[in-house]
Amino acid sequence: MKTGVSRRNVLGKLGAAFAGIMTATAAKTAKAAVQKVFVSSGAPKGYDPTKHKWLMAIDINKCIGCGLCVEACKKENNVPEGPFFRTWIERYVIPKPKPGSFTTRTEAIVDSPNGGMHGFPEPPVPVGEIEQSFFVPKLCNLCEHSPCVQVCPVGATFDTPDGAVLIDPNYCIGCGFCIQACPYGCRFLNPVTKTAEKCTLCYHRITRGLKPACVEVCPSEARIFGDLKNPVPDDPIKKFYENNRVQVLKPHLGTEPRVSYAGMDKEVR
Amino acid sequence: MTEITNTVIEVLPRFEGYVYPNEAGPHPLWGFLIVLYPYITGLVAGAFIMASLVRVFKVRELEPVYRLALLTALSFLLCATLPLLFHLGHPERCLEIMMTPHFSSPMAMFGFVYAWYLMAVLLLELWFDYRQDFVRWAKVTPGLKGALYHALTVGVTDVSPAAVALDNKLGWILSIIGIPSAFLLHGYVGFIFGSIKANPWWGNVLMPIIFILSAVVSGIALCVFNYMVLTWIRRRPLDVRCLDAMGMFLFYALVVDAAVEGLDWLHRVYSAEEGFRVLQYMAREKLFYTLSIGQATIGTLLPVLLLGSLQLIRRSVPELVRKRMYFGSAFMVLVGVLAMRWNVVIGGQLFSKSLRGVMGYKLEFAGVEGWLMGAVLLSLPFIILTVCIKLFLSESLPVTEAAHAAGDPRLEPEEVVTT
């Protein structure tokens, strides 16, 4: 039986429908790209991200583990209580090798109770048995090749021209892929907003000429912050790189973190 | 807002050693739902490959399960996105994955691979396969069901031998396109995990291949399971030749799968890269039941022994025993592959990325990530499949003469009912 409707006809219509869907997708992609320019980043009107290049560096030798930075960060950025941190401090305690063991180093005992927010308890081994002990502040490593940006399925997390890696909370779908992809454990899913969150270098502050909250409160200047495109006289970042041999976290992963550490031990991961 | 966000969430210590503070939450970020997602997707891909054995590779013994395999693939594919959707923080934004995809993300491609596979491959192949039956059934079935069949013809009611032959040809072409598509669908799921270099348990070039192979294994096992259950419900005789063929393919797929997974382990143990110690501890302690018992023993070793022995001494084993061995093997493979997905998804989140500590995980009963929800999501495709079987594999429906004329291979002897 022949009818007016042929297979070719139907397939043609299906093809047209598919093409229509693809066009709609392309149009929405273009719209989103335009919206990206006006993304709500917390920056004031008139702020030009191409005129800055923000950077943070950490001097491990100076950190005293007071936890003020963690507390300041939580308050400044409204970070929920519990295991959610944009920055935290780790304590490394390396016990002395046992006599007769003929080793030079024992494995570090690491802890970070409540992110180190309220300081640290007594060390896990008696003071006399400690060979070395130090604190390591952690934050978003501002990778050149951020795995978190790479894997975000909707492009809600992105590199800004001024060096920050930001998340658009109005766009994030809360899939958690970026959290899995971050090798440094810097991201978490905010239990209230149900979106991914991380250190933004206090973008709302730095774009207004202020320092990030953690840098502001650090009593020992262990956190060094600056703008590579607008160096101040006696620039702390410049001085940091002049005076120290630096290392980054997990360099073998090829993420090329822009946050450098001075005085880092091999035990730090 | 401050009051809400500052609510104290009590965290019970559920980890040993040191874990990053953001990893110290009460649950892993990806829970049981994300275990089900690759499991269901794998069953789809595997069932489709099973159907392709008939269409493309002309394995005549498997003809009785051709349509059942395709309908199985469809039922599971319709549910494949549900676990993902429920687990999102913002499910209402889910379409952004397709509307504004970020092309460097393996997850972003899912929408397209899924849509391609569902609409361009599976639905079209089913349609070409069923069209002449729809035309016939629309004529002989009264009421709503008849209207449904009529609607499903999409107005193409030409059932001349030439038209049917064209249907078969197009279906065959789609099947050929379908095989790489099925591999793509599930290989891509493997790539979601394999591409995470931050996680030494996941970041592995073999991951997509392991996922594809285990998908083929689980899909064939599901077809064996479904076929045996369906014939049992219908009190129909089993086609033992078909079962033997499925058993053979299951055995060989399982051997290849086990070989590649073994290679993966050999490589991990031999290269013993950074993080090996924590992975070793995890395999021995945290994942002992699901890895050593579930995946290796129940899911691989026992079925390989059962099916392997059947390859050698099939003729001397009585039919009833053989059937039971096939059923047992299929069921064990299905359990084993679920355990494998668990080991990948949950296992990858049971150790800290600091490689200094491990976390615990207790599957809860209630809640979105609880096992009740998981059981519901796993039952859903079977419910859909039941409806599909009632509609499209019904015993009371005639199989078309056109199909006969075209030498259509998919006719089940017991399905041909004179009208």
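Everything numeric here is computed off the predicted structure, so don't read it as measured data. Residues take numbers from 1 onward in each chain, read along the sequence in its written order. Chains carry letters from A onward and ligands carry numbers from 1 onward, assigned in written order. Reporting in this predicted model follows two pLDDT cut-offs: at least 70 for local features of residues, and 80 or more for side-chain atom pairs to be given and counted; totals over whole chains, interfaces and linings ignore these cut-offs and use all residues.

**A few points about the overall build of chain A**
Piece 1. Secondary structure elements are taken from DSSP: a helix is a run of H or I of four residues or more, a strand is a run of E of two residues or more, and numbering for both begins at the N terminus. From N to C terminus, chain A includes seven helices and eleven strands.
Piece 2. Here the C-alpha atoms of chain A give a radius of gyration of 24 Å, more than 25% beyond the 18 Å that 2.2 N^0.38 yields for 269 residues.
Piece 3. Taken along its principal axes, the extent of the C-alpha atoms in chain A is 95 × 50 × 35 Å.
Piece 4. For chain A, the proportion of its 269 residues judged to be buried stands at 41%.
Piece 5. Residue pairs in contact within chain A that sit at least 24 positions apart in sequence constitute 66% of those at least 6 positions apart. Each radius of gyration reported is based on C-alpha atoms, and the globular scaling rule is 2.2 Å times the count of residues to the power 0.38. Exposed residues have 12 or fewer other C-beta atoms within 10 Å of their own C-beta, buried residues have 20 or more, and partly exposed residues fall in between, where C-beta atoms are placed from the backbone. With C-beta atoms placed from the backbone, a contact is any residue pair whose C-beta atoms sit within 7 Å.

**Brief notes about the overall build of chain B**
Piece 1. Counting its secondary structure elements, chain B contains 15 helices and two strands.
Piece 2. Its C-alpha radius of gyration of 23 Å places chain B within 12% of the 22 Å reference for a compact globule of 419 residues.
Piece 3. Principal-axis analysis of the C-alpha atoms places the extent of chain B at approximately 70 × 60 × 35 Å.
Piece 4. For chain B, buried positions account for 48% of its 419 residues.
Piece 5. Within chain B, contacts between residues separated by at least 24 positions form 80% of all contacts whose residues are at least 6 apart in sequence.

**A few points about the environment of L228(A)**
Residue and element names in this part refer to chain A.
Piece 1. Note that L228 resides in the loop between β9 (223-227) and α7 (236-243).
Piece 2. Residue classification places L228 among the partly exposed positions, given that 15 C-beta atoms sit within 10 Å.
Piece 3. Along the primary structure L228 and D168 are separated by 60 residues, whereas in three dimensions their C-alpha atoms are 25 Å apart.
Piece 4. For L228, the contacting residues outside a window of four places in its chain are K53, L55 and I237.

**Observations regarding the interface of chain B and chain A**
Piece 1. The partner chain A presents 49 residues to the 49 residues of chain B that form the contact.
Piece 2. If you list the elements that add at least two residues to the side of chain B that touches chain A, you get α1 (2-5) and α5 (96-99) of chain B.
Piece 3. When residues are sorted by character, Ala, Val, Leu, Ile, Met, Phe, Trp, Tyr, Cys and Pro go into the nonpolar class, Asp, Glu, Lys and Arg into the charged class, and all the rest, Gly among them, into the polar class. When the residues that make up the side of chain B that touches chain A are grouped by side-chain class, the tally is 26 nonpolar, 16 polar and seven charged.

**So, the domain arrangement of chain B**
Frequently, the measure chosen for interface size is the accessible area that the parts lose on association.
All names here are of chain B.
Piece 1. Here the limits of each domain have been adopted from an automatic or database domain assignment. With domains assigned, chain B is organised as domain 1 (34-195 + 362-419) and domain 2 (216-361).
Piece 2. For the side of domain 1 that touches domain 2, the elements supplying multiple residues, two or more each, are α2 (32-55) and α3 (66-79).
Piece 3. It is α2 that contributes the most residues to the side of domain 1 that touches domain 2, twelve residues altogether.
Piece 4. By residue class, the composition of the side of domain 1 that touches domain 2 is 18 nonpolar, three polar and four charged.

**A look at the sheet that holds strand β11 (residues 260-262) of chain A**
Residue and element names in this part refer to chain A.
Piece 1. Two strands make a pair as long as DSSP finds a minimum of two bridges between them. A sheet is described by the order of its strands in space; here four strands give the open sequence β9-β1-β11-β10, paired in mixed fashion. Looking at the sheet topology across the chains shown, the edges are occupied by β9 and β10 (246-247).
Piece 2. Sheet topology places β10 next to β11; two bridges connect them, and they run antiparallel. Of the residues in β11, the one forming a bridge with Q247 is Y261.
Piece 3. In this analysis, axes come from line fits to C-alpha atoms, helices being fitted only over the stretch in contact, and the angle between any two N-to-C directions falls in the range 0 to 180 degrees. α7 contacts β1 (54-59), β9, β10 and β11 of the sheet and is inclined by roughly 120° relative to β9.

**As for the environment of D133(B)**
All names here are of chain B.
Piece 1. Summarising the element assignment, D133 is placed in helix α6 (residues 108-140).
Piece 2. Given 23 C-beta atoms within 10 Å, D133 falls into the buried group.
Piece 3. Measuring from C-alpha to C-alpha, the distance between D133 and N199 comes to 50 Å, with 66 residues separating the pair along the chain.

**A word on unusual backbone geometry**
Residues and elements named next belong to chain A.
Piece 1. Even without being a glycine, N114 presents a positive backbone phi close to 50°.
Piece 2. With respect to the helices, strands and loops of the structure, N114 is situated in the loop between β3 (109-111) and β4 (130-138).
Piece 3. With a phi angle near 50°, L142 is a residue other than glycine that sits in the positive phi range.

**Topic: the nonpolar core**
Residues and elements named next belong to chain B.
Piece 1. Buried Ala, Val, Leu, Ile, Met, Phe, Trp, Tyr and Cys residues whose C-beta atoms connect them within 7 Å together make up a nonpolar core. Ranked by internal contacts, the top residues of the largest apolar core, which has 189 residues, are V44, A47, A73, I220, C223 and L250.
Piece 2. Among the elements that line this core, the one with the most residues is α2, at 18 residues.
Piece 3. Setting aside its immediate chain neighbours within four residues, V44 contacts A73, F76, L77, A80 and L185.

**Focus: the packing of α3(B) against helix α14 (residues 371-392) of chain B**
All names here are of chain B.
Piece 1. Two elements in contact, α3 and α14, have axes separated by 8 Å at closest approach and are oriented at 140°. Put simply, α3 runs oblique to α14. Considering only the axes of α3 and α14, their crossing is right-handed. Residues L71, T72, L74, S75, F76, L78 and C79 of α3 pack against L377, L380, P381, I384, L385, C388, I389 and F392 of α14. An angle below 35 degrees is treated as roughly parallel, one above 145 as roughly antiparallel, one from 65 to 115 as roughly perpendicular, and anything else as oblique. Handedness of a crossing follows from how the near helix is turned relative to the far one, being left-handed for an anticlockwise turn of less than a right angle and right-handed for a clockwise one.

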